[in-house]
Amino acid sequence: MNKTFTLPLYASAPISQALQLSIPVVALESTVITHGLPRPQNLELAREMEATVRENGAIPATIAILDGIVHIGLTEAELERLANEQHVRKISRRDFATAIVNKECGGTTVAGTMFVALKAGIRVFATGGIGGVHEVETLDISTDLLALADTPMIVVCAGAKAILDLSATLEYLETMAVPVIGYGTDEFPAFYSRKSGLPVSARLDSPPEIVAFAKAHWAIGMKSAVLVCQPLSSEEEIPCEKVDGAIRQARGEAHKQAIHGQSLTPFLLERMAKLTGGASLKANLKLLLNNAKLAAQIAAALNLTEKQKVD
Ligand code: PSU
Ligand code: MN
């Protein structure tokens, strides 16, 4: 049975069923599909992320807006439509009402996806890299950081996107009481690269440890997310020395062309793909799949602890 909320919020049949039956669910964002990756890799990746979540014991709930309706879980046809839509808005928290009243389609960012996932009762979410503080002269701080500050959810990522000011991003997360967990590492991963030279606040090495940590964090009354940062393997990563030049050049081009606001991140990602001859795109796709896998394992582990409590 499909569940319709009072808001224009619609959970697909498999998702509402999974939520009712307490089957593990992993939320997936859709800005990566609409604005973060080129076609046709965007649709291929969206399908592969969903398949990876299923293979690892959870149900994928890709969140997006179609014709002004917020969808939790998309059909294959809806996913295909979203990936190929011409007019599609990037939806962070402030953009929902715009898309709803204009009956638009939109890809939800980390912040937008967390907002919807929380309403649906989903507690684990996988993305590529979170937004953060940009290295620009004007103030550009992603709403993703606010969402992480006030949404109790486990968010699996590969750190913040390397095009950002990683040090400032980590300072902001500390101020907002967001634990930054290194998955099998003591270092904050730099998206494409394993190393950033910056520390995480704690290291954990398995999904059950992450679940125990998150439960302790929330049990004492914290309302923030637990940010789990999983680096690419040494075979998959692009060492930072190899990517730094491209990052500097992409930032310089954005500055020269006066690119600001919501367009900045998509512009930088696209330029990175060109400047690295596709290597950054390959790493981006890989880390998204790795994160989908770990998020599904965490969701399954979380579910297990809750089942044990009920029995
Ligand atoms: N991760 C990726 N590619 C992306 C994004 C994340 O591998 O395109 C998206 C996320 O949706 C994130 C957004 O929330 O970029 C950040 O945008 P901004 O800096 O404008 O807040
Ligand atoms: Mn921004």
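Residues numbered from 1 in each chain as written. Chains lettered and ligands numbered in written order. Predicted model: local features only at pLDDT ≥ 70, side-chain atom pairs only at ≥ 80, totals over all residues. Heavy atoms only, no water.

Enquirer: Go over helix H7 (residues 143-150), please, and point to the residues and values.
Expert: Of all the residues in H7, the buried ones are Asp144, Leu145, Ala147, Leu148 and Ala149. Contacts made by the buried residues of H7 are with helix H6 (110-120), strand E9 (154-157), helix H8 (166-175) and strand E12 (226-229). One side-chain oxygen of the residue at the start of H7 lies 3.0 Å from the amide nitrogen of aspartate 144, identifying that residue as serine 142. (Buried < 20%, exposed > 50% of the residue type's maximum accessible area, 1.4 Å probe, protein only. Helix = DSSP H or I, 4+ residues; strand = E, 2+ residues; numbered from the N terminus. Contact = heavy atoms within 4.5 Å. Polar contact = N/O pair within 3.5 Å; in protein donor to acceptor, adjacent residues only side chain to side chain.)

Enquirer: So what about the site of ligand 1? Which residues, and what values?
Expert: Surveying the vicinity of ligand 1 reveals 18 residues, the closest of which are Glu29, Lys90, Ser142, Asp144 and Thr265. Within the contact set of ligand 1, an oxygen atom lies 2.6 Å away from a side-chain nitrogen or oxygen of aspartate 144. A distance of 2.8 Å separates an oxygen atom of ligand 1 from a polar side-chain atom of threonine 265. Burial of ligand 1 by the protein amounts to 95% of the accessible area it has alone, namely 490 Å². (Near = heavy atom within 4 Å. Areas by Shrake-Rupley, 256 points an atom, 1.4 Å probe, with all protein chains shown as cover.)

Enquirer: Describe the packing of H6 against H7, listing the residues and the values that go with them.
Expert: In contact at an axis separation of 7 Å, H6 and H7 are set at 30° when each is read in the N-to-C sense. Compared by their axis directions, H6 and H7 come out roughly parallel. Where H6 approaches H7, its residues Val110, Ala111 and Met114 are matched on the opposing element by Thr143, Asp144, Ala147 and Leu148. Considering only residue class, the contact of H6 with H7 consists of five nonpolar, one polar and one charged. (Axes fitted to C-alpha atoms, helices over the stretch in contact; angles between N-to-C directions. Parallel < 35°, antiparallel > 145°, perpendicular 65-115°, else oblique. Nonpolar A, V, L, I, M, F, W, Y, C, P; charged D, E, K, R; others polar.)

Enquirer: Hey, could you go over the pairing of E9 for me, with residue numbers and the actual values?
Expert: Because side chains alternate across E9, one face comprises the buried residues Ile154 and Val156, and the other comprises Val155 and Cys157, equally buried. Of the strand pairs in this sheet, strand E8 (residues 124-126) and E9 are connected by three bridges, and their pairing is parallel. From the neighbouring strand, valine 124 faces E9, where its bridge partner is isoleucine 154. In terms of handedness, the path from E8 via H7 over to E9 forms a crossover that is right-handed. The pairing of E9 with E12 spans four bridges and is parallel. Pairing of isoleucine 154 across the sheet is with valine 226, part of E12. (Pairing = 2+ DSSP bridges. Right-handed = clockwise from strand over helix to strand, strands pointing away.)

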